[in-house]
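Chains, contacts and geometry: an overview
So you can see what is in the structure, the chains are spelled out below.
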Amino acid sequence: MLVSCPPHRFPCHYGIDFSSRGELIAASKSVEEIRDFIGLDSLGYLGIDNLVKATDIARGDLCLACFDGKYPVPIDESFHKYCLEKRAGHDHPVLIAILQSARGGLIRLWRTRV
């Protein structure tokens, strides 16, 4: 199997839905270990340098943090994908977004205690 990007080794805090290294097999396993784990004869990934080359965009203008762990802005580790959701067993203020889909949809945000 050939994968058209480098292995995702670090969380993406900018919109892709994996917020911890625990969700990423490549964060803790080598390519060979991943290959064996999923039962493949071979496994290859596109390298970061070749990904950058393929885009024809300067490396400094790309966010590659999920591949190399070099985030373009500091990350607040307390901010995670569940921090805006209602979670059982947590007593802290959170923002809850509700989409009401009657006629075009209305998004309302309010502060509540869980």
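Before reading further, recall that the structure is shown in the block above.
In this report, the structure presented in the accompanying data block is examined.

Procedures and definitions
- Residues numbered from 1 in each chain as written.
- Predicted model: local features only at pLDDT ≥ 70, side-chain atom pairs only at ≥ 80, totals over all residues.
- Heavy atoms only, no water.
- Helix = DSSP H or I, 4+ residues; strand = E, 2+ residues; numbered from the N terminus.
- Contact = heavy atoms within 4.5 Å.
- Areas by Shrake-Rupley, 256 points an atom, 1.4 Å probe, with all protein chains shown as cover.
- Salt bridge = Lys/Arg side-chain N within 4 Å of Asp/Glu carboxyl O.
- Patch = residues over 30% accessible without salt bridge, like charges linked within 9 Å, V, L, I, M, F, W, Y side chains within 5 Å.
- Core = buried A, V, L, I, M, F, W, Y, C linked by side-chain atoms within 4.5 Å.
- Buried < 20%, exposed > 50% of the residue type's maximum accessible area, 1.4 Å probe, protein only.

This part takes up the overall build of the chain. Within the chain one finds three helices and four strands. Put simply, the chain runs from its N terminus to its C terminus through helices and strands in the order β-α-β-α-α-β-β. Partitioning the contacts of the chain with sequence separation of at least 6, the portion at a separation of at least 24 is 36%. In the structure as shown, the chain presents an accessible area of about 8500 Å², 55% of it carried by carbon and sulfur atoms.

What follows covers the pattern of salt bridges. Following the criterion strictly, the structure yields two salt bridges and no others. Residue arginine 59 pairs with aspartate 49 through a salt bridge whose shortest N-O separation is 2.6 Å. Placement of the pair is arginine 59 in the loop between α2 (48–55) and α3 (65–68) and aspartate 49 in helix α2, with a sequence separation of ten residues.

Before going further, it helps to spend a moment on a nonpolar patch on the surface. Taken together, Ile25, Phe37 and Ile38 make up a surface patch of nonpolar side chains, about 290 Å² in accessible area. By secondary structure assignment, the location of isoleucine 38 is in helix α1 (residues 31–38).

A separate point is the nonpolar core. Buried together is how nonpolar side chains tend to be arranged in soluble globular proteins. Cys5, Cys12, Phe18, Leu24, Leu51, Val52, Leu64, Cys66 and Phe67 form the largest nonpolar core, which has nine residues in total. At the level of secondary structure, the elements contributing two or more residues to this core comprise α2 and α3. For valine 52, the contacting residues outside a window of four places in its chain are Ile57, Arg59, Leu62 and Leu64.

Right, let's talk about unusual backbone geometry for a bit. One non-glycine residue, aspartate 56, adopts positive backbone phi at about 60°. Relative to the helices and strands, aspartate 56 is located in the loop between α2 and α3. According to the relative accessible area criterion, aspartate 56 is exposed, its value standing at 74%.

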